[in-house]
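Chain by chain, the residues run as shown.
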Amino acid sequence: MAGTSAVCETCIVGYEPEMAEIISTIEQYGSGTPEHIAIVAEPMTGRSTMVAEIRRIYGDRVYYLPLEFVMRESDLPDFATLPHDIILIDNCEFLSTRRIGGFAVLNAFLRTQISSKKLFITTWNAFSWQYLASVMKIDSYFPKRIVLGRLDTPMLKEV
């Protein structure tokens, strides 16, 4: 489908190396253990743009699940039955809450992910990610982490 040359054709400005790394990981994905990707960023630093670009490049291969509110376990789709080989979940901070029992949905998702041969690409609010990395070691579930930093003034002008 898309090759490494797709980076040159992307709409991403300022995060070209990060997008190249994502594309490389997707292109290397095969029948072995997938290298799940976590895109981590502070608000307003380009997560949505990255997600849109992944969807544009890989089209029908991607199942897109945008989370807009705190999830319940019953809200999660049965990923194994989906025909797509790439699962893109946006705003994964909604998989947990900071309360007793607040990690049940996240744990269910992680169990599904580690037993699946599909490639999971997830996006996370940097503050939630930092908390979950501290209390749950969530970073161990995502061999590939893409951290989007803030763009400097000249790069913002280019955008």
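Residues numbered from 1 in each chain as written. Predicted model: local features only at pLDDT ≥ 70, side-chain atom pairs only at ≥ 80, totals over all residues. Heavy atoms only, no water.

Asker: Got a sec to walk through the pattern of salt bridges? Specific residues and values, please.
Answerer: Note on pairing: side chains with opposite charge can pair once their charged atoms come close. Using the criterion set out here, one finds five salt bridges in the structure. Among the salt bridges present, the one from Arg-47 reaches Glu-93, with a minimum N-O distance of 3.4 Å. In this pair, Arg-47 is assigned in helix α2 (residues 47-58) and Glu-93 in the loop between β3 (86-90) and α3 (104-114), connecting sequence segments 46 residues apart. For Asp-85, the salt bridge is made with Arg-61, and the minimal N-O distance between the two is 2.8 Å. Of the two residues, Asp-85 sits in the loop between β2 (62-66) and β3 while Arg-61 sits in the loop between α2 and β2, which places them 24 residues apart along the sequence. (Salt bridge = Lys/Arg side-chain N within 4 Å of Asp/Glu carboxyl O. Helix = DSSP H or I, 4+ residues; strand = E, 2+ residues; numbered from the N terminus.)

Asker: I'd like to hear about the side chain of Asn-125, residue by residue, with values.
Answerer: Relative to the elements of secondary structure, Asn-125 occurs in strand β4 (residues 119-125). A residue is classified by how much of its surface remains accessible, and Asn-125, at 13% relative accessible area, is buried. Polar contacts involving the side chain of Asn-125 include one to the main-chain amide nitrogen of Phe-127, which spans 2.7 Å. Ignoring sequence-local partners within four residues, the contact set of Asn-125 consists of Ala-41, Pro-43, Arg-47 and Glu-93. (Buried < 20%, exposed > 50% of the residue type's maximum accessible area, 1.4 Å probe, protein only. Polar contact = N/O pair within 3.5 Å; in protein donor to acceptor, adjacent residues only side chain to side chain. Contact = heavy atoms within 4.5 Å.)

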